[in-house]
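This is what each chain is made of:
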Amino acid sequence: MNLSITPGQRLAPPPTPEPGSPRPPKRRERRPRGFLLRWLGRLVGALAGLALLAAVVATVGIYAAYRHYAADLPDFEGLKHYQPRLMSRVYAADGTLLTDLSTERRIFVPINAIPQQVKSAFVSAEDRNFWTHPGVDPMAIVRAAVTDLAHLHEGRRPLGASTITQQVAKNMLLSGELTLARKIREAILAMRIERSLSKERILELYLNQIYLGQGAYGVAAAAQTYFNKPLAELSLSEAAMLAALPKAPNIYNPFRNPEAARTRRDWVLDRMAEDRVITPAEAEAAKATPVHVAPLHRPDAVPGAEYFAEDVRRELIARFGFDVATQGGLMVRTSLDPRLQRLADRALRNGLMAYDRSHGGWRGPVAHMEDANLARNWVSRLAQFPPQPGMLPQWRLAVVLEVADASAKLGWLEPSADGAASGAPTPRTGVVLLAETRWARPVHDHILGPTPRRMRDVLAVGDVVMVEPEGARPARGKSPPVPERLALRQIPEVQGALVSLDPRTGRVLALSGGWSAELSQFDRATQANRQPGSSFKPFVYLTAMEKGISPSQRFLDAPFVVDLANGEKWRPNNYEMDFEGPISLHEALRKSRNLVTLRVANRVGMEAIAETAKAFHVVESMPLVLPAALGAVETTVLRMAGAYAGLDEGGREVVPTLIDSVQDPQGRVIWRAQPVSCGNCTPDPSVLPELTDQRAQIADPASVFQVVTMMEDVVRRGTGVAAGQGIDRPIAGKTGTTQDFNDAWFGGFTPDLVTVVWVGYDQPASLGDRETGGALAAPIWHDFMAEALRDRPVLDFTPPPGVTLAQWNGEEGLVTDAFKPGQEPGVSAPLDAPQLVSEPTEGAPATAEASEANGSGNAASPHPAAGSSGVGGLDAGLGGLY
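Draft legend 1. Up close: the overall build of the protein. A count of helices and strands for the protein gives 23 helices and 28 strands. A total of 882 residues make up the protein; the buried ones form 48% of that total. Long-range pairs, those at least 24 residues apart, make up 70% of the contacts in the protein with a sequence separation of at least 6. Carbon and sulfur atoms make up 54% of the accessible area of the protein, which amounts to about 43500 Å² in all.

Here is the structure:
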């Protein structure tokens, strides 16, 4: 069939099918292959767009989460200067450690001082990839996740994947809760730490802040806690033992669980061998070593320094704040002299025991045992009794085994000689003699019974009492051994305080705040406000001296009456309840005559006396009433010591200090007490230093020296004789006794040492009739100062320029006093002389039933000076007695 078509020829249209005939099938069109490729491309593009969008959203979310979780994290600068909490240490003047101040017991050691085997042990145990990872360890995280999922239903604690850097970061965060948010913050901070600090610095922080159990933070404190040795002396086995603790300090505590601790230690040693920081042979040798632990044995602190240390702690907190004082790693050097502190405690306790024996009687046993087989069971029964609070270290608890008429046999448990807790005490027996317990009179309703005539009047079989072993007496010839003597003891109810300081610097050398800080932490030297009584009188007389009154000036010792606002009359009296007529100020102070002191105060004015007392820091403020001149004000033992030091130093202001210097962890001095400065101090030994006394001059030196000279006679032949007996050197002092004999004082000084003693009850109560400062406080002062001054040179009080020492005939013989230019020894000038009288002021008059006669026979003005308008405020007490 010819289908050719000639040019110009048109094709005929296809024939139209007839109705009812079948239609021919349509020809199938072929789509090009590029269509499929275009479809696949569109799909991939869409997926890529979705992925990009998801990435953008994820990036924005991660960034937002990062900003959220990193908002309050430390910045780079904060990280560079971060320091762990460090305990502050307080030292005595000789370098003896007094106490640690800490919320976390930590000793900071720089990285170059930490032994390499300690560093290697912790890195192998805690973070073997520490030196290579960027702060987090992805492989460790994956490994921990797989392990945790595999043991999901076993109830196990999740396996940790924290790096050493993350553990350092954890200690910088506030929250200790294990949450996802905290872990994210840890990771962010860890990476930030890695960019800020070197690996060595990070490891240094970690090894110094990690908690290792038993209250020890850091490897140095842990080395002391578990092995009682410094970090540098640890063996490989001991280093691995410390590295075994971070995972679970309580579980692997070698004191409590030695077997678990050994297993974990051996695991650490194997890890160290795997990391090739030790050889397998070294690991095996260390694993063969038993786990030996030794509890920390601190050097003996200064006995009795607890009150002093607590005062230092309070001062540091007040000066630097609690956090710096207890977490700032301060090095605090104090003024405490351990030898003088021991002497102070011994003298005070002996004095309190002596008073208790003469006035307190026997208040009975600590406890009583009812046991038919006491002779056989006493050791086990006595071991159940803990030591009583306030017991002295040399005292023991003992049980009465037998009682005879003149003696009693007692048994006690003597601790092991080395003081180790594991050492079993040794049972011992001794005797208490009736002849040495005559003081043990029974007490019923605060009334002492008769002196015991038989030992059964004091002790009964089964009584548990406190005793002090006095040592065995050697046997004579063939006589049987003499039983060891025991002294019956009890803790006094009366209390006391003693402060001793260097007057030149104000440095407190010894401070006893009571019988025992274990029994009562209330510091009676610094916290007890008590009336000083007649020990305040030197400041009244100093005010008079500054007004130009002479030590030989006579005032009338006669009845003195003050009209009270309520219409009643105040009639003070002398301790002796007698009157001596005209008497010199020297004799009045020596004998502590109250009525003369009141007339002096009325003459010079209470306002002037108050200014003197405030200048010497006896008080911060005081009522301008006459009883205050007799010591009816409140002060502390420490304040009185500082005030007496001001007298000792010729009227210079002396502020008692307990702290010499404070250094920060880098050794920089951040505070120092400086009463004296050196303007030209140089390392050149040829240049002599020029010291400048920076203390304020708060009183006239000549007037002060006059009072000090009179106070010397108080000790030589006045109310303070008991203080100076047998001490052959110049001593000035003054007794003090308050109304109803509630307080007994003695303050005294030599040119180089000031000491003040107080005795009384915590709840003010009478010490007993005629129990004065001269009878109670002065003997304690004497016992302390006799030993404290033993090796010191004998010094005289130096008179200031212009003052003349002269003898004159006093009421009871020759006396020596200091006189200013224009004052004649022994002369009593008229009190209305211009140089002796202050300007008259308004005020309600204080009347006198006898005129204030003076040495010239003239009558003094009946009007009071400024501030002496009545007595008012008598609820504060009536002042001194003696």
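Draft legend 2. Main features of the layout of surface pockets. Roughly 590 Å³ of internal volume is contained in the second largest pocket. Taken together, 20 residues form the lining of the second largest pocket, with P303, G304, R349, L392 and P393 sitting closest to its centre. Among the elements that make up the lining of the second largest pocket, the one with the highest residue count is helix α14 (residues 338-360) (six residues). Its residues assigned to classes, the lining of the second largest pocket comprises seven nonpolar, four polar and nine charged.

Draft legend 3. Geometry of the confidence of the model for the protein. Of the residues in the protein, 81% reach a pLDDT of 70 or more, and the chain-wide mean stands at 84. Note on residues 834-879: pLDDT is under 50 here. Beyond four places in sequence and across chains, it has 121 contacts.

Draft legend 4. Unusual backbone geometry, seen in detail. Here the phi dihedral of M577 falls at roughly 60°; this positive angle occurs in a residue that is not glycine. Locating M577 in the fold gives a position in the loop between β18 (569-570) and β19 (581-584). Using a relative accessible area of 58% as the deciding quantity, one classes M577 as exposed. Here D740, not a glycine, exhibits a phi torsion of approximately 65°, which is positive.

Draft legend 5. Geometry of the packing of aromatic side chains. One pass over the structure, following the stated rule, counts 14 aromatic pairs. For the pair F122 and Y206, a centre-to-centre distance of 6.3 Å together with 75° between the ring planes defines the contact as edge-to-face. Of this pair, F122 sits in helix α3 (residues 116-126) while Y206 sits in helix α7 (residues 199-209); the two residues are 84 residues apart in sequence, bridging distant segments of the chain. Through a chain of ring-to-ring contacts, the aromatic side chains of F536, F539, F616, Y644, F749 and F797 assemble into a single cluster. Taking the ring centre of F130 as reference, the NZ or CZ of K199 above it sits at 4.6 Å. Between the NZ or CZ atom of R349 and the centre of the ring of W515, over which it lies, the distance is 5.8 Å.

Draft legend 6. Region of interest: the sheet that holds strand β15 (residues 508-512). The strand order across the open sheet formed by five strands is β15-β14-β26-β25-β24, and the pairing between neighbours is antiparallel. Both outer strands of the open sheet, β15 and β24 (732-737), are each paired with one neighbouring strand and no more. Sheet twist, expressed as the mean angle between neighbouring strand axes with direction ignored, is 5°. Relative to strand β26 (residues 753-760), strand β14 (residues 495-501) runs antiparallel, the two sharing seven bridges. By the bridge assignment for β26, Q495 is matched with G760.

Draft legend 7. Structural view of helix α19 (residues 606-615). Along α19, the residues that are buried comprise M606, A608, I609, A610, T612 and A613. Contacts from the buried residues of α19 go to α16 (537-546) and α18 (594-604). In the segment just after α19, H617 is the residue with positive phi, at about 65°.

Draft legend 8. Examining the side chain of D743 more closely. The topology assignment puts D743 in strand β25 (residues 743-750). Residue D743 is classed as buried on the basis of its relative accessible area of 5%. One polar contact links D743 to R530, side chain to side chain, over a distance of 2.8 Å. Separated by 2.9 Å, the side chains of D743 and W758 make a polar contact. Those residues in contact with D743 that sit more than four places away from it in its chain are R530, Q531, G736, T737, T738, W758, V759 and L767.

Draft legend 9. Broad picture of the packing of α16 against α19. The interhelical angle for the contact between α16 and α19, taken along N-to-C directions, is 115°, at an axis separation of 9 Å. Considering the angle they form, α16 stands roughly perpendicular to α19. The two elements α16 and α19 cross, and the hand of that crossing is right-handed. Taking contact as the criterion, the partners of F539, V540, L542, T543 and E546 in α16 are, on α19, A608, I609 and T612. Across the contact of α16 with α19, the residue classes break down as five nonpolar, two polar and one charged.

Draft legend 10. The pattern of salt bridges, seen in detail. Inspection of the entire model under this criterion finds 50 salt bridges. Residue R262 is joined to D266 by a salt bridge in which the shortest nitrogen-to-oxygen separation is 2.9 Å. Of this pair, R262 and D266 both sit in helix α10 (residues 258-274), four residues apart, which is roughly one turn of that helix. Accessibility expressed as a relative area gives 10% for D266, which makes it buried. Here R716 makes a salt bridge to D713, at a shortest N to O gap of 3.0 Å.

Draft legend 11. Representation of the pairing of strand β12 (residues 463-469) in the model. Judged by how many residues are buried, β12 sits mostly within the fold: six of seven residues are covered. The pairing of strand β6 (residues 367-368) with β12 spans two bridges and is antiparallel. Residue pairing for β12: A367 is matched across the bridge by V464. With four bridges connecting them, strand β7 (residues 396-403) and β12 associate as antiparallel partners. By the bridge assignment for β12, A398 is matched with V465. Bridge count for β12 against strand β13 (residues 484-489) is four bridges, and the pairing is antiparallel.

Draft legend 12. View of the sheet that holds strand β5 (residues 331-334). Strand order in this open sheet of five strands is β2-β1-β5-β20-β21, and the pairing throughout is mixed. Two strands bound the open sheet, and with one partner strand each, they are β2 (97-101) and β21 (669-672). Shown here is a sheet whose adjacent strand axes are inclined to one another by a mean of 15°, direction ignored. Helix α12 (residues 306-320) contacts β1 (88-91), β2, β5, β20 (659-663) and β21 of the sheet and is inclined by roughly 50° relative to β20.

Draft legend 13. Broad picture of α16. Of all ten residues that make up α16, nine are buried, and the element is covered over most of its length. By the burial criterion, the buried members of α16 are K537, P538, F539, V540, Y541, L542, T543, A544 and M545. Looking at the packing, one finds that the buried side of α16 touches α17 (585-591), α18, α19, α20 (637-648), α21 (701-717) and β24. Just downstream of α16 lies G548, where phi reads positive at about 95°.

Draft legend 14. Geometry of the packing of α3 against α7. For the pair α3 and α7, the least separation of the axes is 11 Å and the interaxial angle reads 90°. With respect to α7, the axis of α3 lies roughly perpendicular. In this structure, α3 uses K119, F122, V123 and E126 to contact α7, whose residues at the interface are L203, Y206 and L207. Its residues placed into classes, the contact of α3 with α7 shows five nonpolar, no polar and two charged.

Draft legend 15. How the structure looks around the environment of E787. Locating E787 in the fold gives a position in helix α23 (residues 773-788). For E787, a relative accessible area of 26% gives the class partly exposed. Counting along the chain gives 447 residues from E787 to L340, while the straight-line C-alpha distance between them is 8.6 Å. Aside from chain neighbours lying at most four places away, what touches E787 is R339, L343 and R346. Separated by 2.6 Å, the side chains of E787 and R790 make a polar contact.

Draft legend 16. Here's a closer look at a nonpolar patch on the surface. A cluster of nonpolar side chains, F35, L36, L37, W39, L40, L43, L47, L50, L53 and V57, forms an exposed patch at the surface whose accessible area comes to about 1000 Å². Relative to the helices and strands, W39 resides in helix α1 (residues 34-69).

Draft legend 17. Structural detail: the environment of F385. Its location among the elements puts F385 in the loop between α15 (374-382) and β7. Here the alpha-carbon distance between F385 and A398, two residues 13 residues apart in the chain, equals 9.8 Å. Those residues in contact with F385, other than ones at most four positions away along the chain, are A367, M369, L397 and V464.

About the criteria used
- Residues numbered from 1 in each chain as written.
- Predicted model: local features only at pLDDT ≥ 70, side-chain atom pairs only at ≥ 80, totals over all residues.
- Heavy atoms only, no water.
- Helix = DSSP H or I, 4+ residues; strand = E, 2+ residues; numbered from the N terminus.
- Buried < 20%, exposed > 50% of the residue type's maximum accessible area, 1.4 Å probe, protein only.
- Contact = heavy atoms within 4.5 Å.
- Areas by Shrake-Rupley, 256 points an atom, 1.4 Å probe, with all protein chains shown as cover.
- 1 Å grid on protein atoms, 1.4 Å probe; cavity = no way out; pocket = protein on both sides within 12 Å on 5 of 7 lines; lining within 4 Å.
- Points joined across faces, edges and corners; volume = space filled by probe spheres on them.
- Nonpolar A, V, L, I, M, F, W, Y, C, P; charged D, E, K, R; others polar.
- pLDDT = per-residue confidence, 0-100.
- Phe/Tyr/Trp six-rings, centres within 6.5 Å; stacked < 30°, edge-to-face > 60°.
- Lys NZ or Arg CZ within 6 Å of the ring centre and 35° of its normal.
- Pairing = 2+ DSSP bridges.
- Axes fitted to C-alpha atoms, helices over the stretch in contact; angles between N-to-C directions.
- Polar contact = N/O pair within 3.5 Å; in protein donor to acceptor, adjacent residues only side chain to side chain.
- Parallel < 35°, antiparallel > 145°, perpendicular 65-115°, else oblique.
- Left-handed = near helix turned anticlockwise from the far one by under 90°.
- Salt bridge = Lys/Arg side-chain N within 4 Å of Asp/Glu carboxyl O.
- Patch = residues over 30% accessible without salt bridge, like charges linked within 9 Å, V, L, I, M, F, W, Y side chains within 5 Å.

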